[in-house]
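Listed below are the residues making up each chain.
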Amino acid sequence: MKFFVDTADIKEIKELNDLGLVDGVTTNPSLIMKSGGKIADVTKQICDIVEGPVSAEVTATDYDGMMKQAKVLAKIADNIAIKVPLTWDGLKACRALRSDGHMVNVTLCFSANQALLAAKAGATFISPFIGRIDDMGIDGVELISEIRTIYDNYGFKTEILAASIRTVNHVKQVAMIGADVATVPPATLKALVKHPLTDKGLEQFLADWAKTGQTIG
Ligand code: G3P
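Residues numbered from 1 in each chain as written. Predicted model: local features only at pLDDT ≥ 70, side-chain atom pairs only at ≥ 80, totals over all residues. Heavy atoms only, no water.

> Before we go on, may I ask you to explain the overall build of the chain in this structure?
On a plain count of helices and strands, the chain comes out with 11 helices and 8 strands. Counting only C-alpha atoms, the chain reaches 70 × 40 × 30 Å along its principal axes. Classification of the 217 residues of the chain by burial places 45% in the buried group. Carbon and sulfur atoms provide 56% of the accessible area of the chain, an area that totals close to 11,500 Å². Between the centroid of the 23 positive side chains of the chain and the centroid of its 26 negative side chains there is a distance of 2 Å. (Helix = DSSP H or I, 4+ residues; strand = E, 2+ residues; numbered from the N terminus. Buried < 20%, exposed > 50% of the residue type's maximum accessible area, 1.4 Å probe, protein only. Areas by Shrake-Rupley, 256 points an atom, 1.4 Å probe, with all protein chains shown as cover. Lys, Arg positive; Asp, Glu negative; His and termini not counted. Charge placed at Lys NZ, Arg CZ, Asp CG, Glu CD.)

This is the structure in structure tokens:
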């Protein structure tokens with residue numbers, strides 16, 4: 001499973017990228033707002049750091065507006081994936097942008113049927129928002145499983161990009177189901193390394209090592 005990092009925070013992206021953990025980045029208007037920067041500048045900085053796909057989202061809601069904005073965003077760098085919402089106009093833009101050779105991430109997916117439409121429209125990535133489904137008291141991870149089954153049934157090449165990931169358990173669950181990508185906030189990605197038994201075990205080893213009076217090297 002590939003890790004995308006779900007942020008527009010340059011410092012975080014750089015740190016995680018240096019560790020070799022970043023296969024791509026996803027941004028959205030809310031994340032750009034949080035970064036405090038201009039979309040073109042922030043996105044360019046991200047693309048200068050990360051080799052993989054960097055999703056930049058259109059904010060127009062009509063087809064013509066989306067296409068116009070997509071052309072502007074696509075000029076930022078070769079690794080831009082244009083993010084469009086899962087609406088009729090978004091699907092239409094997806095089809096047109098794919099025909100023009102762009103990567104497209106269809107976002108705000110909340111049902112398996114929406115994901116089926118996105119695949120039919122040739123999406124490079126489909127982004128089901130599992131955390132926001134959990135927020136409604138419904139199991140968001142189940143949606144990843146449904147989409148995996150449907151895409152595998154028909155051999156769709158669209159990659160399942162599990163989004164709105166909030167917990168380390170979400171990461172494990174979508175990996176077990178076979179999501180192609182998980183886009184993970186930096187804090188959650190860093191939390192994957194933590195385990196109390198690792199800390200406890202290390203403490204014990206260091207205490208015992210000190211008793212030997214030895215040094216290495
Ligand atoms: O990848 C989509 C993500 O940014 C939305 O996450 O936590 O706002 O639902 P969240």
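> I tried to follow the site of the ligand on my own but got confused; where do I start?
Lining the immediate environment of the ligand, one finds Asp6, Asn28, Phe129, Arg132, Ala163, Ser164, Arg166 and Thr183. At 2.7 Å, a side-chain N or O of Asp6 approaches an oxygen atom of the ligand. For the ligand, whose free accessible area comes to 310 Å², the fraction covered by protein is 80%. If you map the ligand onto the pockets, it falls in the largest pocket. Grouping the constituent residues of the shell around the ligand by class yields 2 nonpolar, 3 polar and 3 charged. (Near = heavy atom within 4 Å. Polar contact = N/O pair within 3.5 Å; in protein donor to acceptor, adjacent residues only side chain to side chain. 1 Å grid on protein atoms, 1.4 Å probe; cavity = no way out; pocket = protein on both sides within 12 Å on 5 of 7 lines; lining within 4 Å. Sits in = over half its atoms within 2 Å of the grid points. Nonpolar A, V, L, I, M, F, W, Y, C, P; charged D, E, K, R; others polar.)

> Help me understand the nonpolar core in this model?
Side chains that are nonpolar tend, in soluble globular proteins, to be buried together. Ile82, Val84, Val106 and Ile126 are the most contacted members of the largest nonpolar core, which totals 59 residues. By size, the runner-up hydrophobic cluster in this structure holds 5 residues, among which are Phe4, Ala81, Phe125 and Val181. (Core = buried A, V, L, I, M, F, W, Y, C linked by side-chain atoms within 4.5 Å.)

> What exactly am I supposed to notice about the packing of helix H8 (residues 140–154) against helix H9 (residues 168–177) here?
A pair of packed helices can be characterised by two numbers: the angle between their axes and the separation between those axes. Taken N-terminus to C-terminus, the directions of H8 and H9 make an angle of 15 degrees; their axes are 9 Å apart at the nearest point. As judged from the angle between their axes, H8 and H9 are roughly parallel. As for how H8 packs across H9, the hand of that crossing is right-handed. Residues Val141, Ile144, Ser145 and Arg148 of H8 form the contact with H9, whose own contacting residues are His170, Gln173, Val174 and Ile177. For the contact of H8 with H9, a count of residues per class yields 4 nonpolar, 3 polar and 1 charged. (Axes fitted to C-alpha atoms, helices over the stretch in contact; angles between N-to-C directions. Parallel < 35°, antiparallel > 145°, perpendicular 65-115°, else oblique. Left-handed = near helix turned anticlockwise from the far one by under 90°. Contact = heavy atoms within 4.5 Å.)

> Before we go on, may I ask you to explain the pairing of strand S1 (residues 2–6) in this structure?
Look at any regular strand and the pattern is simple: side chains alternate between the two faces of the sheet. Here S1 lies mainly inside the structure; 4 of its 5 residues are buried. Two elements, S1 and strand S8 (residues 181–184), share 4 bridges in a ladder whose sense is parallel. When the sheet's bridge partners are listed, Lys2 is paired in S8 with Val181. In terms of strand pairing, S1 meets strand S2 (residues 24–26) through 3 bridges, oriented parallel. Across the sheet, residue Phe4 finds its bridge partner in S2, namely Gly24. After leaving S1, the chain enters helix H1 (residues 10–18) and then returns to the sheet as S2, a path that is right-handed. (Pairing = 2+ DSSP bridges. Right-handed = clockwise from strand over helix to strand, strands pointing away.)

> How should I be thinking about the environment of Gln114 in this particular structure?
On the secondary structure map, Gln114 appears in helix H6 (residues 112–120). Separated by 22 residues in the primary sequence, Gln114 and Met136 place their C-alpha atoms 18 Å from one another. Other than its neighbours up to four places away in sequence, Gln114 contacts Leu86, Leu108 and Cys109. A polar side-chain atom of Gln114 sits 2.6 Å from the main-chain amide nitrogen of Phe110.

> Could you clarify how one ought to interpret unusual backbone geometry in this entry?
Outside of glycine, negative phi angles account for most residues, and trans bonds account for most peptide bonds. Here the phi dihedral of Leu108 falls at roughly 60 degrees; this positive angle occurs in a residue that is not glycine. Checked against the element boundaries, Leu108 lands in strand S5 (residues 103–109). For Leu108, a relative accessible area of 34% translates into the label partly exposed. Phi at Ser164 takes a positive value of approximately 55 degrees, unusual for a residue other than glycine. Relative to the elements of secondary structure, Ser164 occurs in the loop between strand S7 (159–162) and H9. Among the residues examined, Ser164 registers a relative accessible area of 11% and is labelled buried.

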